[in-house]
Amino acid sequence: MAHLFIFGCFLLLGVVSSLAARIGYRGAVCDRSAGYEVPAEVKSDPALRGRANSLVAFWCTGAAMLSLAPVVALGSVILGDGDTSVSTWALVVFAAYGLVVVMVGAYPFEKIKHLGESTGHRGAGR
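The present account deals with the structure reproduced in this document.

### Focus: helix α1 (residues 2–26)
Then step 1. Counted at 1.5 Å a residue, the expected span for α1 with its 25 residues is 36 Å, and the 36 Å between its end C-alpha atoms agrees.
Then step 2. Along α1, the residues classified as buried are His3, Ile6, Phe10, Leu13, Gly14, Ser17, Ala20, Ala21 and Gly24.
Then step 3. Tucked inside the fold, the buried residues of α1 contact α3 (46–80) and α4 (88–113).
Then step 4. Gly27 lies just past α1 and shows a positive phi near 80 degrees.

### Topic: the packing of aromatic side chains
Then step 1. All told, the structure shown has 5 aromatic pairs when counted by the stated rule.
Then step 2. Taken together, a centroid distance of 5.0 Å and an interplanar angle of 45 degrees make the contact between Tyr36 and Phe109 tilted. In this pair, Tyr36 sits in the loop between α1 and α2 (40–44) while Phe109 sits in helix α4, placing the two residues 73 residues apart along the sequence.
Then step 3. The exposure class of Tyr36 is buried, given its relative accessible area of 16%.
Then step 4. What links up through ring pairs into an aromatic cluster is the set Phe10, Phe94 and Tyr97.

### Considering the environment of Val86
Then step 1. For Val86, the position within the fold is in the loop between α3 and α4.
Then step 2. Here the alpha-carbon distance between Val86 and His3, two residues 83 residues apart in the chain, equals 7.1 Å.
Then step 3. Sequence-distant contacts of Val86, that is, excluding residues within four places in its chain, are made with Ala2, His3, Ile6 and Leu91.

### Details of the nonpolar core
Then step 1. By size, the foremost hydrophobic cluster in this structure holds 14 residues, and its most contacted members are Val29, Val38, Val42, Ala52, Ile112 and Leu115.
Then step 2. Sorting the residues of this core by element identifies α1 and α3 as the ones contributing at least two each.
Then step 3. Examining the composition of this core, we find that 5 residues originate from one element, α3, more than from any other.
Then step 4. Membership of the second largest hydrophobic core comes to 9 residues, among which are Ile6, Val71, Val101 and Val104.

### A short note on the pattern of salt bridges
Then step 1. For the structure on display, the rule yields 1 salt bridge.
Then step 2. Where Lys113 meets Glu110, a salt bridge forms, and the shortest distance between an N and an O atom there is 3.1 Å. One end of the pair, Lys113, and the other, Glu110, are both in helix α4, 3 residues apart, so they sit about a helical turn from each other.
Then step 3. For Lys113, a relative accessible area of 44% gives the class partly exposed.
Then step 4. Judged by relative accessible area, which is 41%, Glu110 ranks as partly exposed.

Quick notes on the rules
Residues numbered from 1 in each chain as written. Predicted model: local features only at pLDDT ≥ 70, side-chain atom pairs only at ≥ 80, totals over all residues. Heavy atoms only, no water. Helix = DSSP H or I, 4+ residues; strand = E, 2+ residues; numbered from the N terminus. Expected span 1.5 Å × (residues − 1). Buried < 20%, exposed > 50% of the residue type's maximum accessible area, 1.4 Å probe, protein only. Contact = heavy atoms within 4.5 Å. Phe/Tyr/Trp six-rings, centres within 6.5 Å; stacked < 30°, edge-to-face > 60°. Core = buried A, V, L, I, M, F, W, Y, C linked by side-chain atoms within 4.5 Å. Salt bridge = Lys/Arg side-chain N within 4 Å of Asp/Glu carboxyl O.

These figures come from the coordinates and say nothing about function on their own.
Structure, rendered in structure tokens:
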């Protein structure tokens, strides 16, 4: 049963990452209807807008690809011998790997928050 839950979590993570990457490839990261909040500087500057789109497209595609590996491995276990149990160490490894995948997918959104600052008052408070 634990195999199915972990499989479902990584499958959901892959689908969400793929959808976010699709928005980046379509150039709609700064579109408010897509649901992403970006600073006003990023919305108004075409270069920063393009950078935001490429960041989301690249990193979310990477997160989707990283989430595919456990889906394939767990899918083969479920189809082949679904009666095996998941050890504690395997759960720890899956949890750590899932955290890495989430961090890869969240990176561009944190980076976008600081894109407007990088063009603004660099070194103003020093």
